[in-house]
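Descriptive analysis of the structure
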Amino acid sequence: MKAGFVNIFGKPNAGKSTLLNALMQEKLAIVSPKVQTTRHRIKGILSTGDYQIIFSDTPGIIDPKYKLHEKMMQAVKSALEDADLALLLVDVKDDLNEADQIFSALRLKVPSLVVVNKTDNGSKEQIEKATTFFKEKKYAKEVIAVSALKGIGVAELLQKIVGYLPEGEPFYAEDEISDLPTKFFVAEIIREKIYALFEEEIPYQTTVVVAEFKQKSTLIKIRAEIVVQRESQKAIIIGDGGKMIKQIGSMARVEIEKFLEQKVFLELFVKVRPNWRENDLYLKEYGY
Ligand SMILES: Nc1nc2c(ncn2[C@@H]2O[C@H](COP(=O)(O)OP(=O)(O)OP(=O)(O)O)[C@@H](O)[C@H]2O)c(=O)[nH]1
């Protein structure tokens, strides 16, 4: 039996969450075309009869600009210290030198595999160039090209990962897929819909908290709060005659029901918490 911890690093938008979901064959991490969608370390636990891998998706590596960013980077740093293997993810079209600088600066002590992602989106030459480039780097044990989105190369990557895991007993029960509470995933699904429905700034000003999660006879009643920084943002989230918040609610409900495999009654409220991104108490309350 093999068991170990694998952490996924990379710049915002490299496709870390998509790769985690592809490896897990389950949607755990939310995905959006906007950068900095992931704010926490999300663990996905993949168990078979032969191995258990505990994957951890990290927020993209960035320079902290506000306190929420600092918390996000602490999540990256804490991930550096506790893995058996690191996956360094890079978009095939990214600036390779810049990615190299970021990966070198991590000073990883654990073995790492460079994963060149989005091969469906790159030419043969680009894929080869990126692969050759990273093969020469000291920190790269191996370089693997994948498309997380299309699932190309993901099974091969999984095989390689297992090869680097230490022998050991599983850390979690076989039916656990994450160490994060269900409430967290529900809030994340709602947050994903906000990323999908709103332009530029709104998603970054917003967080979601599940205030109530109750099993009633035939359904689960969920009350969630969408937290924004200003009244004007509240008005945008609600929309004309409540149009937008209804849309968030109906999109999120469909997906939450799929995730929980149960009928859900979802109530959404918007709360204004001035400057929550800079406030330690709020950040703590919202799980950062
Ligand atoms: N074409 C293509 N797009 C991909 C692939 N993997 C991810 N994407 C897209 O890239 C965007 C970012 O993907 P995410 O998985 O959210 O990226 P991330 O690295 O977790 O991003 P952060 O949360 O900002 O750190 C999304 O629009 C994905 O659909 C891929 O293999 N091919």
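All values derive from a computational prediction rather than experimental measurement.

**A word on the overall build of the chain**
The helix and strand inventory of the chain stands at 9 helices and 9 strands. Buried residues in the chain amount to 34% of all 288 residues. When contacts within the chain are restricted to residue pairs at least 6 apart in sequence, those whose partners lie at least 24 apart make up 68%.

**Some thoughts on the sheet that holds strand β8 (residues 219-228)**
Taken in spatial order, the 3 strands line up as β7-β8-β9 in an open sheet, and their pairing is mixed. Here the strands that pair on one side only, and so sit at the sheet edges, are β7 (207-215) and β9 (263-272). The average undirected angle you get between the axes of adjacent strands in this sheet is 20°. As paired strands, β8 and β9 are joined by 10 bridges and run parallel to one another. For V227, the partnering residue across the bridge sits in β9 and is K271.

**Looking at helix α8 (residues 243-260)**
With 18 residues, α8 extends 26 Å between its outermost C-alpha atoms, agreeing within 8% with the 26 Å of an ideal straight helix rising 1.5 Å per residue. Contact partners of the buried residues in α8: α6 (182-197) and β9. Directly beyond the C-terminal end of α8, a positive phi value near 50° is found at E261.

What counts, and at which threshold
Residues numbered from 1 in each chain as written. Predicted model: local features only at pLDDT ≥ 70, side-chain atom pairs only at ≥ 80, totals over all residues. Helix = DSSP H or I, 4+ residues; strand = E, 2+ residues; numbered from the N terminus. Buried ≥ 20, exposed ≤ 12 C-beta atoms within 10 Å, placed from the backbone. Contact = placed C-beta atoms within 7 Å. Pairing = 2+ DSSP bridges. Axes fitted to C-alpha atoms, helices over the stretch in contact; angles between N-to-C directions. Expected span 1.5 Å × (residues − 1).

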